[in-house]
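Observations on chain architecture
Residue strings, one per chain:
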Amino acid sequence: MLQYSFEQLHEQTDVLKAVDEDVTVTEAFKQRSRHLINDARDVHVKGQFFADGEYVTGSFQVTAVVEAPSTRSLAPVVLHQDFNFTETYCDHKPTAEELENDPDLIMAEDGM
């Protein structure tokens, strides 16, 4: 699991914080996603965080090997995943106006 502090990222002096890490999938994640995937391994995250005013945005590429149930064969299938995503975080509950501008704005908890 990637774990970063919102304050640390927001107050960093460098514009970008590079991320290039192998990620261990936690039991808590496996439990939450048990109806979607059986297992995830060889997870790697590469990208960057950058502070933008009162927000921190992360843009990442993820590669992983995922085992998921198959409704067609009824046997688990192994899928190689390679996808990108971008998330924006704030340190407060987003206001209606903020959510209008970015409906996916995420309130950061201790450790992102």
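For the structure, check the block above.
Let me begin by describing the structure that accompanies this report.

How each quantity is defined
Residues numbered from 1 in each chain as written. Predicted model: local features only at pLDDT ≥ 70, side-chain atom pairs only at ≥ 80, totals over all residues. Heavy atoms only, no water. Core = buried A, V, L, I, M, F, W, Y, C linked by side-chain atoms within 4.5 Å. Buried < 20%, exposed > 50% of the residue type's maximum accessible area, 1.4 Å probe, protein only. Helix = DSSP H or I, 4+ residues; strand = E, 2+ residues; numbered from the N terminus. Pairing = 2+ DSSP bridges. Polar contact = N/O pair within 3.5 Å; in protein donor to acceptor, adjacent residues only side chain to side chain. Contact = heavy atoms within 4.5 Å. Patch = residues over 30% accessible without salt bridge, like charges linked within 9 Å, V, L, I, M, F, W, Y side chains within 5 Å. Areas by Shrake-Rupley, 256 points an atom, 1.4 Å probe, with all protein chains shown as cover. Salt bridge = Lys/Arg side-chain N within 4 Å of Asp/Glu carboxyl O. Lys, Arg positive; Asp, Glu negative; His and termini not counted. Charge placed at Lys NZ, Arg CZ, Asp CG, Glu CD.

1. Structural notes on the nonpolar core
With 18 residues, the main nonpolar core has V19, A40, V43, V45 and F49 as its most contacted residues. For this core, the elements supplying multiple residues, two or more each, are α1 (6-10), β1 (16-23), β2 (39-52) and β3 (55-68).

2. Describing the sheet that holds strand β5 (residues 106-107)
Strands sit in the order β1-β2-β3-β4-β5 across an open sheet of five strands; the sheet is mixed. Edge positions in the open sheet fall to β1 and β5, since each of these has one partner strand only. Sheet topology note: the β3/strand β4 (residues 77-90) ladder contains 13 bridges and is antiparallel. Bridge pairing in β4 links F60 to F85.

3. Examining the side chain of T88
Its place among the elements puts T88 in strand β4. The class for T88 is buried, based on a relative accessible area of 15%. Looking at T88, its side chain comes within polar contact range of the side chain of T57, at 3.2 Å. Apart from the residues lying within four places of it in its own chain, the contact partners of T88 are Y55, V56, T57, D102, D104, L105 and I106.

4. Comments concerning a negative patch on the surface
A surface patch of negative charge is lined by E7, E11, E54 and D91. With respect to the element layout, E11 can be found in the loop between α1 and β1. You can call E11 exposed: its relative accessible area is 60%.

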